[in-house]
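Architecture and fold: a report
Residues per chain are reported as follows:
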Amino acid sequence: MKFIDLKDKDLAELHKILKDKKSELFELRLKLKTMQLTNPSQIAMVRKDIARINTAISAKKG
């Protein structure tokens, strides 16, 4: 997910995407603890997506 894709969305849609990404991060961490996660780098990718979404939200508010 690129920042360019996010800056065109409205705040409600950004908050929905953020909620989905946070739940995905929770599930990935749960899989990591139960040794079911095959690609641990997915956690870093989701964390970066969350940061991009938060940046887009703060840019919309400011």
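On a predicted model such as this, the values are computed, not experimentally measured, just so you know. Residue numbers run consecutively from 1 along every chain, following the written order of its sequence. Given that this is a predicted model, residues contribute local features only at a pLDDT of at least 70 and side-chain atom pairs are listed and counted only at 80 or more, while totals for whole chains, interfaces and linings are drawn from all residues. Only hydrogens and water are removed before side-chain values are computed, so all heavy atoms of the structure are retained for them.

**Digging into the overall build of the chain**
Operational definition: In DSSP terms, a helix is any run of H or I states spanning at least four residues, a strand is any run of E spanning at least two, and both are numbered starting from the N terminus. Each residue gets one of three labels from its accessible area relative to the maximum for its type: buried under 20%, exposed over 50%, partly exposed in between, using a 1.4 Å probe on protein chains only. Reported accessibility uses the Shrake-Rupley method at a 1.4 Å probe radius. Residues are deemed covered only where the shown protein chains occlude them.
A tally of helices and strands in the chain yields three helices and zero strands. When its helices and strands are written in sequence order, the chain yields α-α-α. With the principal axes as the frame, the chain shows a C-alpha extent of 40 × 15 × 15 Å. Taken over 62 residues, the chain has a buried fraction of 24%. Within the structure as shown, the chain displays about 4700 Å² of accessible surface, and the carbon and sulfur contribution to it stands at 56%.

**Examining the pattern of salt bridges**
Which entries qualify depends on this criterion: Put simply, a salt bridge is a Lys or Arg side-chain nitrogen that is within 4 Å of an Asp or Glu carboxyl oxygen.
Applying the stated criterion to the full structure yields five salt bridges. As a salt-bridge pair, Asp20 and Lys16 come within 3.3 Å of each other at their nearest N and O atoms. Taken together, the residues Asp20 and Lys16, both in helix H2 (residues 11–33) and four residues apart, mark about one turn of the helix. With a relative accessible area of 38%, Asp20 lands in the partly exposed category. Look at Lys16 and you get exposed, because its relative accessible area is 54%.

**Notes on the environment of Lys7**
With respect to the helices and strands, Lys7 occurs in the loop between helix H1 (3–6) and H2. As a C-alpha pair, Lys7 and Ala56 span 49 residues in sequence and 5.8 Å in three-dimensional space.

**Digging into the packing of H2 against helix H3 (residues 41–61)**
To keep it simple, the criterion reads: Note on definitions: angles span 0 to 180 degrees between N-to-C directions of axes, and those axes are lines fitted to C-alpha atoms, for helices only across the stretch in contact. Throughout this description, any angle smaller than 35 degrees is read as roughly parallel, any larger than 145 degrees as roughly antiparallel, any in the 65 to 115 degree range as roughly perpendicular, and the remainder as oblique. When the near helix sits turned anticlockwise from the far one by under a right angle, the crossing is termed left-handed; a clockwise turn instead gives a right-handed crossing. By the convention used here, residues are in contact when the closest approach between their heavy atoms is within 4.5 Å. Charged residues are taken to be Asp, Glu, Lys and Arg, nonpolar residues to be Ala, Val, Leu, Ile, Met, Phe, Trp, Tyr, Cys and Pro, and polar residues to be all remaining types, Gly included.
H3 packs onto H2 with a crossing angle of 160° between their chain directions and a minimal axis gap of 9 Å. By the angle class used here, H2 and H3 are roughly antiparallel. The two elements H2 and H3 cross, and the hand of that crossing is left-handed. Residues Leu11, Leu14, His15, Ile17, Leu18, Lys21, Lys22, Glu24, Leu25, Leu28, Arg29 and Leu32 of H2 pack against Gln42, Ile43, Val46, Arg47, Asp49, Ile50, Ile53, Asn54, Ala56, Ile57 and Lys60 of H3. The residue inventory of the contact of H2 with H3, partitioned by class, reads 13 nonpolar, three polar and seven charged.

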